[in-house]
Amino acid sequence: MATGPVDILIIGTGASGAAAAWRLSEAGFKIVCLEQGAWQRPEQYPAAHANWELQGATTFAFDPNIRGLPEDYPVNNTESDIAPLMFNAVGGSTIHWTAHTPRFHPSDFRVRSLDGVADDWPISYFDLEKYFDLNDDWMGCSGIAGDPANPPRSPRPMPPLPLGPDGERIARGFDKLGWHWWPSDSYINSQPYRGRNACNNCGPNGLGCYQKAKGSTDVTYLPEAIKNGVEVRTNARVFKITVDQDGRANGASYYDEEGIEHHQSARGVIVAANGIGTPRLMLLSKSKRHPDGIANSSGLVGKNLMFHPYAMVTGFFDDPQPSTYQGALGNIIISQQFYETNARRDFVRGYSYQMNRSSGPAKTATGLAISPVKWGEGHHEEFAERFGKSSLLAVISEDLPEERNRVELDRAIKDSNGIPAPKVFYRVSNNTRRLLDHGIRNAERVLLAAGAHRTEANPMLRAGGWHLMGTARMGDDPERSVVDGNCQAHDVDNLFVIDGSVFVTSGAVNPTPTIQAIALRAADYICRERTDLKG
Amino acid sequence: MPTKQGALTDSDRRNMRVVMDRLIPPVDDLPGAGTMGLLDEIERIASEHDRYRKSLVRFLDALTMDMSVEAEGGFLALSGEQQDEAIREIEESLSKEFANVLEVVYISYYSRPEVHARIGWRTGPLQPLGFTLPPFDESILDTVRKREPFWRQAPD
Ligand SMILES: Cc1cc2nc3c(=O)[nH]c(=O)nc-3n(C[C@H](O)[C@H](O)[C@H](O)COP(=O)(O)OP(=O)(O)OC[C@H]3O[C@@H](n4cnc5c(N)ncnc54)[C@H](O)[C@@H]3O)c2cc1C
Ligand code: SF4
């Protein structure tokens, strides 16, 4: 089935695709979004069921290889130190995300100029600033302005989430050492907001939010976009971005739920399928004009994959605080004491700390970021030491781009439609290793200063590939980048990439507000400069 | 030995119950995980999730095929310490499968209301009740607010 042309076809309805769909629809563009997953029903999320921890380990697991749902595609991660994580549904990985929402720093866009590594971005923090604000407003940000580690920012739409006694204890630990910390910005409602409920502190927001208090794009941007006329076509898995004789994008071919092939034509195409799904699709989209995949004359599609390697340090406390599992998992405290390069250290660039809470009983036993509780003799004692009494500091390291870290098409593994799966090649660099070790040592100091009687470190979380970046990087030079600063492909002037793939460097913070700000800015560019794409 | 489809024989079930008691022993007034009667639930979960099913089959295969265990008259005839030893050997040789078996046993055990009652966890779904969300208390910022801005300027 072929479907008549729309102005813009957006592939993927996650953080970036949904934001762009809304912005473009405000300007009257006719839009179809193709999404391989389906709508979620918040009242059916795991937390609504007694077996929520089993669901978290199986049908709602972060790793698509463990979930293995028909809408997931397998990711060959056997050559990677880190397993990529994602969710495939309307809302994309924001269904799963923790919604911890710091911004990139101005320095993150200028690492070559400042520190002589990697490359500068073609855009700056201040180019994105108003889009960060716009996004905070639409996604619903709880937080408080005044953080000394960041440029001044506008008042947050909602007050911060409470730190809880466990968060306050860690805050005092940072204070004792004279180190920076600040209440996290979070896209979680601390009060009712835009028709969505306030958070009720249930805890595992990585499993979808029953209350719709967490800003996932299925409950933020998309309902508004749909009111503006956007069509979200679900269970539609794109396998090729198609081109005309001149090599310009003219739509995409996809399979529906029954495996029947369709084509949707469009005047412009936006790819928003995340840092793994996007290069996969671009590499699949070979044609005479684009023999190595669409918009890949630089050979950089799929290259420079970055993750943010995480180390996790758990502190065990024995004072009778209320339990450390009450409250949103990772939306408490951020510290950026060690964010920037310091010539006295044996690594370049830096890291953030993000405090994490503990979890429910089963996850405590199976090990949240550390080994499972030991079995046999001593089991119950070790469980008791952990349960409700442990807090974590995650070390989020800046990951610098390296071409050897990459996404390719797997020769053997295919998804449920027979489309080649991505294969990920990724090794943690020596710089990152040293950086993580530094982060672990200092995290231990914070936790002990906060009163922990013992700490335990996981030097690098393998199941920590939450942040997918770099695989279709932006830049001014078509030989060294895939898209320009407006996210427009150098080789194909009506093709745009707007997800984390376009990142030049990774920063040392969770990336999604920056992804969404970039997507909104690209949409604004299209509204302003690409009226030729409007029918 | 389980069938290829993963159906456990009576002897597998007897072995598995004892294994589960070794993994999570009795505590206070609670029996071990095997005696608690979790095996039906574990078999049900395994039947729905291949990862657990395959691992359970391989684990039980390994347990019944272990020559030293056989020589002693089977797993059930071993002393508690010897049983732990046999389990530990499989943990080393089939680490991935063992990890999956341990995971499904832990998840089943720690999903039980009687276990929740002992450890002080409110049982049942987390929602719609959740927990109380108190307001943010700004006084905690007193110290950090004294700090001058220190973010790094960058060229435009
Ligand atoms: C468990 C977890 C926790 C996280 N926590 C945080 C956090 O606290 N803070 C933060 O900043 N970030 C967090 N992230 C990362 C965040 O979710 C992502 O950065 C963000 O969602 C990326 O947005 P995106 O638009 O690039 O892709 P996604 O949100 O992943 O959306 C991509 C969409 O494209 C669809 N798609 C892919 N291929 C195709 C195809 N061929 N055809 C049709 N559709 C396709 C997918 O189904 C998906 O819906 C977390 C991620 C996970 C998994
Ligand atoms: S902790 Fe709050 S935001 Fe997270 S899932 Fe529960 S109600 Fe939603």
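Below, the structure is looked at part by part. Everything numeric here is computed off the predicted structure, so don't read it as measured data.

Residue and element names in this part refer to chain A. Surveying the vicinity of ligand 1 reveals 36 residues, the closest of which are Ser16, Glu35, Ser93, His100 and Thr512. In the environment of ligand 1, an oxygen atom lies 2.7 Å from a nitrogen or oxygen atom belonging to the side chain of serine 93. Measuring from an oxygen atom of ligand 1, one finds a backbone N or O atom of proline 511 at 3.5 Å. With the chains in place, 98% of the 1000 Å² that ligand 1 exposes on its own is no longer accessible. Among the secondary structure elements, those contributing two or more residues to the shell around ligand 1 are α1 (15-26), β6 (237-243) and α12 (512-529). Sort the elements by how many residues they give to the shell around ligand 1 and α12 lands first, with three residues. For the shell around ligand 1, the residue count by class is 17 nonpolar, 16 polar and three charged.

Attention shifts here to the interface of chain A and chain B. For an interface, size is often stated in terms of accessible area lost upon the parts coming together. Contacts between chain A and chain B engage 69 residues on the former and 56 residues on the latter. Roughly 5200 Å² is buried in total at the junction of chain A and chain B, and carbon and sulfur atoms are behind 68% of that figure. Sorting the residues of chain A by area buried against chain B places A:Pro148, A:Trp375 and A:His380 first, and these three jointly supply 17% of that buried surface. Viewed at the interface, chain B and chain A are joined by two salt bridges. As a salt-bridge pair, A:Glu340 and B:Arg152 come within 3.0 Å of each other at their nearest N and O atoms. Connecting chain A to chain B are 24 residue pairs in polar contact (both at pLDDT 80 or more). Mapped by element, the contributors of at least two residues to the side of chain A that touches chain B are α2 (52-57), α4 (111-115), α6 (164-177), β4 (182-183), α9 (361-366) and α10 (379-386) of chain A. Of the residues assigned to the side of chain A that touches chain B, the class counts are 37 nonpolar, 22 polar and 10 charged.

Turning our attention to the sheet that holds β4(A). For sheets, the rule is that strands pair by backbone hydrogen bonds, running either parallel or antiparallel. All names here are of chain A. Pairing is antiparallel across the open sheet formed by six strands, whose spatial order is β4-β10-β11-β12-β9-β15. Of all the strands in the sheet, just β4 and β15 (454-458) have a single pairing partner and so form its edges. As judged from the two bridges shared by strand β10 (residues 333-335) and strand β11 (residues 351-356), these two strands associate in the antiparallel manner. Bridge assignment links serine 335 to a residue of β11, and that residue is tyrosine 353.

All told, the structure shown has 48 salt bridges over all chains when counted by the stated rule. Note that A:Asp115 and B:Arg152 form a salt bridge whose closest N and O atoms lie 2.9 Å from each other. Taken together, the residues span two chains, with A:Asp115 in helix α4 and B:Arg152 in the segment after α7 (113-119). A residue is classified by how much of its surface remains accessible, and A:Asp115, at 17% relative accessible area, is buried. B:Glu114 is the salt-bridge partner of B:Arg112, the closest N and O atoms lying 3.0 Å from each other. Taking the relative accessible area as the measure of exposure, B:Arg112 reaches 22% and is therefore partly exposed.

Calculation criteria
Residues numbered from 1 in each chain as written. Chains lettered and ligands numbered in written order. Predicted model: local features only at pLDDT ≥ 70, side-chain atom pairs only at ≥ 80, totals over all residues. Heavy atoms only, no water. Near = heavy atom within 4 Å. Polar contact = N/O pair within 3.5 Å; in protein donor to acceptor, adjacent residues only side chain to side chain. Areas by Shrake-Rupley, 256 points an atom, 1.4 Å probe, with all protein chains shown as cover. Helix = DSSP H or I, 4+ residues; strand = E, 2+ residues; numbered from the N terminus. Nonpolar A, V, L, I, M, F, W, Y, C, P; charged D, E, K, R; others polar. Contact = heavy atoms within 4.5 Å. Buried area = accessible area lost by both parts, 1.4 Å probe. Salt bridge = Lys/Arg side-chain N within 4 Å of Asp/Glu carboxyl O. Pairing = 2+ DSSP bridges. Buried < 20%, exposed > 50% of the residue type's maximum accessible area, 1.4 Å probe, protein only.

These results come straight from atomic positions and should not be treated as a statement about function.
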